[in-house]
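Chain residues, written in single-letter form:
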Amino acid sequence: STSPLLFFSGSMEPAFHRGDLLFLTNRIEDPIRVGEIVVFRIEGREIPIVHRVLKIHEKQNGDIKFLTKGDNNAVDDRGLYKRGQHWLEKKDVVGRARGFVPYIGIVTILMNDYPKFKYAVLFLLGLFVLVHRE
Amino acid sequence: LRKNVEDFTGPRERSDLGFVTFDITADILNGKNDWQTFIFDWNVKQLFLYLSAEYSTKNNALNQVVLWDKIMLRGDNPRLFLKDMKSKYFFFDDGNGLKGNRNITLTLSWNVVPNAGILPLVTGSGHVSVPFPDTYETTKSY
């Protein structure tokens, strides 16, 4: 199943920008390999992070531990993980970024950051509805 | 695609740390015919290039470590002539699996990130194998 995710961060620029809409799949069978962009959640935190895999160490039985980094960040994500946590594991993965549409979410972000813009949009929508009530 | 590498290892706490220097000569668009170049071009936002080392150790059946990466934006020169590059990221093993490891494969891969659409658009790669020496270096001129 594919689910959309509105991307809010600058940490994967210039690939993704704030307001891009990402499409994720969650096929658990997909092996995790370096260079891939994965979506993961840090234990205890709600907001998922979409970063690239930098390092993996995988055992014969498939147990894997891996490290991630945002393209636009100077350092890897170890500082973001839980205290004492040095690696991510399969259980932390929420999905894989499979596709995206740029800028779609920018309207939502603008409405959030600039209330006046939100009222303008709502006003225009209201006007639109009134005008089209045949 | 050609890579020349010279390397030596040093112990750091309890894990092997590898040092690799490399040259990269690459022509990303080389060999593509016209229609491929056209498709490659119109929906390409950027190329994410990365040099990764892949190897097996006693501890782990598969290890992959990204040593270096670079973002090439659409419009940048698609030809790379990099000499004497040092790795951008520390090449730590999860243990002591680098010492005497004869079979480390260095691969240059690239993700094409489109302006919109499927990720990645294309993944390509070329690779070379390098051995690590049996002994540790105690002094490093790095």
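To be clear, the structure that these remarks concern was listed above.
Residues numbered from 1 in each chain as written. Chains lettered and ligands numbered in written order. Predicted model: local features only at pLDDT ≥ 70, side-chain atom pairs only at ≥ 80, totals over all residues. Heavy atoms only, no water.

## Here's the deal with the interface of chain A and chain B
It is common to report an interface's size as the accessible area lost on association of the parts.
Now for step 1: Between chain A and chain B, the contact holds 25 residues from the first and 28 residues from the second.
Now for step 2: The contact between chain A and chain B buries some 2200 Å² in all, and 55% of this surface belongs to carbon and sulfur atoms.
Now for step 3: At the junction of chain A with chain B, the criterion picks out zero salt bridges.
Now for step 4: Connecting chain A to chain B are 14 residue pairs in polar contact (both at pLDDT 80 or more).
Now for step 5: Elements with a minimum of two residues in the side of chain A that touches chain B: β4 (49-58), β5 (64-69) and β7 (93-101) of chain A.
Now for step 6: Counting residues per element, the side of chain A that touches chain B draws most heavily on β4(A), which supplies seven residues.
Now for step 7: When the residues that make up the side of chain A that touches chain B are grouped by side-chain class, the tally is 10 nonpolar, five polar and 10 charged.
Now for step 8: Inspection of the sheet shows β4(A) paired to strand β4 (residues 62-73) of chain B by four bridges, in the antiparallel sense. Counted as the bridge partner of A:Ile56 is B:Gln64 from β4(B). (Contact = heavy atoms within 4.5 Å. Buried area = accessible area lost by both parts, 1.4 Å probe. Salt bridge = Lys/Arg side-chain N within 4 Å of Asp/Glu carboxyl O. Polar contact = N/O pair within 3.5 Å; in protein donor to acceptor, adjacent residues only side chain to side chain. Helix = DSSP H or I, 4+ residues; strand = E, 2+ residues; numbered from the N terminus. Nonpolar A, V, L, I, M, F, W, Y, C, P; charged D, E, K, R; others polar. Pairing = 2+ DSSP bridges.)

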